[in-house]
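# What the coordinates show
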Amino acid sequence: MLQFAEGLSDRQAADAVRTRIDWKYAIGLELTDTGFDYSVLSEFRSRLLAGEKAGEVFDLVLRLARERGLLKTAGRQRTDSAKVLGAITGLNRLALVGESLRAALNAIAAVAPDWLVDRVDLEWFDRYGHRVEEARLPRSKDKQRAWTAQVGADGVRLMTAVFATDAPREVRMLGPVEVLRQVWVKNYRVSEGEVHWREEKDLPQGRLQPCSPYDLAARRGAKAGSGWAGI
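Residues numbered from 1 in each chain as written. Predicted model: local features only at pLDDT ≥ 70, side-chain atom pairs only at ≥ 80, totals over all residues. Heavy atoms only, no water.

### Looking at the packing of helix H7 (residues 93-111) against helix H10 (residues 141-162)
The geometry of H7 relative to H10 is characterised by a closest axis approach of 10 Å and an angle of 30 degrees between their N-to-C directions. Taken together, H7 and H10 sit at an angle that is classed as roughly parallel. Pair H7 / H10 crosses with left-handed handedness. On the side of H7, the interface is formed by Leu-94, Val-97, Gly-98, Leu-101, Ala-104, Leu-105 and Ile-108, while H10 contributes Gln-144, Trp-147, Thr-148, Val-151, Asp-154, Gly-155, Leu-158 and Val-162. Residue composition of the contact of H7 with H10, grouped by class: 10 nonpolar, four polar and one charged. (Axes fitted to C-alpha atoms, helices over the stretch in contact; angles between N-to-C directions. Helix = DSSP H or I, 4+ residues; strand = E, 2+ residues; numbered from the N terminus. Parallel < 35°, antiparallel > 145°, perpendicular 65-115°, else oblique. Left-handed = near helix turned anticlockwise from the far one by under 90°. Contact = heavy atoms within 4.5 Å. Nonpolar A, V, L, I, M, F, W, Y, C, P; charged D, E, K, R; others polar.)

See the structure below:
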């Protein structure tokens, strides 16, 4: 959770466990604890996925939180892991498009870095080099519109290059590239060569709207005036 909240790599997270007092306090380690090798984090996630235990681990956390009074079951609060995980992985639309493009760029850079460098501008490395979070998004409506227009044009430009006949086949087959295509179809429309941000009334049904480029099972829903992101 700490690693996800701060957007750290496995190596950076392992370093934080060794060197940061706040991390040691949060996970109950002695100040003299030397931590662990960063590869342990990847191995742990692999075991969770292989055994399909991620939901069970999160259910345990929720159960302990309820027992200690940190979560209440009364009212409309959702405390089952599927709903909570959906809300955590769900992003608002601005962050969703930016993070989807960043994920696609990272995936392409891993398999065809030379091909990618020839097709992007230097500004892209500053624009999409960090996790796209709400705290980093523009605040004013005018700046948000300009930002979404820029990201939309960049995404269309990337996909045009990816689906060109001379593009490497392995690039077109990447999962994050397909996610990017789906997110763009649902959040942008192209008219007379220009990319436009879809208004709320033009969005597809909630069950067709992905909430996160990293969890395609999570979908937006609404009923009786309530909205949520879940599985």
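### Side note on the pairing of strand E1 (residues 188-191)
Regular strands show a simple pattern: their side chains alternate between the two faces of the sheet. Across four bridges, E1 lies against strand E2 (residues 194-197) in antiparallel orientation. Bridge pairing in E2 links Ser-191 to Glu-194. Here E1 hands over to E2 after two residues, with Glu-192 in that stretch at a positive phi of 55 degrees. (Pairing = 2+ DSSP bridges.)

### Observations concerning the pattern of salt bridges
The full count for this structure, using the stated rule, is 11 salt bridges. The residue Glu-6 makes a salt bridge to Arg-20 at a minimum N-O spacing of 2.9 Å. Within this pair, whereas Glu-6 is found in helix H1 (residues 2-6), its partner Arg-20 is found in the loop between helix H2 (10-19) and helix H3 (21-26), the two being separated by 14 residues in sequence. We classify Glu-6 as partly exposed; its relative accessible area is 37%. A salt bridge links Asp-154 to Arg-127, with the nearest nitrogen and oxygen atoms 2.5 Å apart. Here Arg-127 lies in helix H9 (residues 123-127) and Asp-154 lies in helix H10, a separation of 27 residues in the sequence. With a relative accessible area of 4%, Asp-154 lands in the buried category. Several salt bridges share partner residues, and in doing so they unite Glu-6, Arg-20 and Asp-22 into one network. (Salt bridge = Lys/Arg side-chain N within 4 Å of Asp/Glu carboxyl O. Buried < 20%, exposed > 50% of the residue type's maximum accessible area, 1.4 Å probe, protein only.)

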